[in-house]
Structures are given as structure tokens and as C-alpha cells.
Amino acid sequence: MTPKLYKGKRPKRRTAWLVVGGGAIVALLVAAIVGGFFLNDTARPASIQDAVRRFQAGGAGGGKLDGVYVYATKGGESIDALGGAHHRYPATTGITAVGAPCGVKLRWDALQGRSTTWTLCSTRAGVELGTEEVVHTFFGQTDDTTYACAGSELLQPGSFRCRSARGREDGTVRVIGRGSLEVGGKPVSVLHVRTVATISGGDEGAETVDWWLGTATGLPVRVAFTSRTSRKTVVGRVHYAEDADLRLLSVTPRR
């Protein structure tokens, strides 16, 4: 069974798979170094309660799948600029699902200043990632980055190319197979898909994203990603790393 999503019109613009955007953070940090600023790095967990309040304040979408889903979370992000900094993600994080014109919009909040928003769109082939926005914050410097992609169906093998002002990403999509994952003590049927990409241009590196999408809803039952990127700067090459694994705890969203 192919994962189903909300139906509607697809957006005209496409953006990348889960792209970290660490190069933009690097640029901000280099500017701070050159300018002689001393920056303190702090990272506060994003709370599920805040996500629910934001969902309610936004008009609380009327779709039956809309709401805040809670995920057991492992992982974190790090950067080696300014002596280095590491942000560990909290044990639980939330993904807010709201119906979009083409399907569903998903916003994952890990930390205050660290989020990713995906728009998954229904297509004849199944599901396509329509838009994606990535936000990172290090040493008080926040970056909000969007990448544009083409040729990126999520449920069938193929290739895709993404471009940004800092470089490009070339990757492949692989359908691993069908199976089931336990959520709240009950099995949930899923389709496992993997994207692998190489980043080049201003930024360099690689990233892998694994999606386990519920076949009945199209919503992520599990998401796991690994990213390693770097950028050559006036102070040397600066590296960004992120590893995260999200596993759904309940199929019932909070509202």
C-alpha cells in the first residue's frame, strides 16, 4: 500500500530533502570571528507544550491527522568553530502536522533555534517533498535556509539535484522496502525510503536520510539522518555534524 497524504495542489517551487545548512552557520561564525565578537553558545530544548500552544494559536488545523506528534529522540549537532560547541537533543521532541494545499506540512522542533519544516505533497507516484526549511542557531547566530530541488519523488528510485546560493546537492532515492514498526505497543505498517546526497560547491560533505512513512497516513513513524558538512574559511575549514533518530511514541496527536 502506498503512503497516503492530504490531497491538493502542488507548490510551484521545490526544495531539498532534509538539508542541514551548516555552511550558512559557518559563514555567520566566521563573520563574528573577523569582527572580534565574543559569542556564548547556549541551547535550550524545544518543549512539546510550546508546540501545542503554537498549533492552537495558528488556528489548529481541522484535518484528522493535524496536531503535535511526540517522538523519542536521540542525537545532536556540533560545530568546531570558536573552540567547538555541541547541542544534545532532548529525549522527546515534537513534529507538528498541519494540512497544506498539496498535502501536509511537518515542523520538527528540537531546540529553541533548531527546527526543520517539510511539506510532503501527494503526487501520482505517491509522495514528494515539496518544500523544506532548516533553522540552526550557534553562538547566538541564527540561520534560516531554503534549498531548491528538482526531480525528487520520495517513493520511487531516482536521482535529484538541489541548489542554493552556497553550492549544490546531488543525490539518489532508494526504496528499501515495506515492514512494520511498533508504536504504543501496536504494529504500524511503514515504507522505508533512503536518500543519500553529496554536497559540493561552497559547502562540502554528505548526508543520509532514512524515512519510515506510515502506509495509512504518509506521516513519519521514524526518521533518522546523518550529516557531515564543512566550509573553507579565512580561519581554516570549519565542520558541522548532525545525527538524529526520531521514533513515534503515539499515533494520537496532541491538540
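Residues numbered from 1 in each chain as written. Predicted model: local features only at pLDDT ≥ 70, side-chain atom pairs only at ≥ 80, totals over all residues. Heavy atoms only, no water.

### A few points about the pairing of strand β11 (residues 186-201)
Two strands pair when backbone bridges link them, and strand β10 (residues 167-183) and β11 are joined in this way by 16 bridges, in the antiparallel orientation. Paired with E169 across the two strands is I199, which belongs to β11. Between β10 and β11, which pair antiparallel one after the other, the connecting turn spans 2 residues, and G184 there sits at a positive phi close to 60 degrees. Pairing analysis gives 10 bridges linking β11 to strand β12 (residues 204-214), with the strands arranged antiparallel. Bridging across to β12, V193 finds its partner in W211. Adjacent in sequence and paired antiparallel, β11 and β12 are bridged by 2 residues. (Pairing = 2+ DSSP bridges. Helix = DSSP H or I, 4+ residues; strand = E, 2+ residues; numbered from the N terminus.)

### Looking at helix α2 (residues 48-57)
Of all the positions in α2, only I48, A51, V52 and F55 are classed as buried. Down the axis of α2, the buried side of the element spans an arc of 100 degrees, and every buried residue falls inside it. Lining the buried residues of α2 we find β1 (67-79) and β3 (92-100). (Buried < 20%, exposed > 50% of the residue type's maximum accessible area, 1.4 Å probe, protein only. Arc of directions from axis to C-beta. Contact = heavy atoms within 4.5 Å.)

### Some thoughts on the environment of G171
Tracing the chain through its elements places G171 in strand β10. With relative accessibility at 7%, the residue G171 sits in the buried group. Placed 24 residues apart in sequence, G171 and T195 show a C-alpha to C-alpha distance of 6.8 Å. Residue contacts for G171: discarding those within four places in its chain leaves G158, S159, F160, V196 and A197.

Any link to function would need more than the numbers given here.
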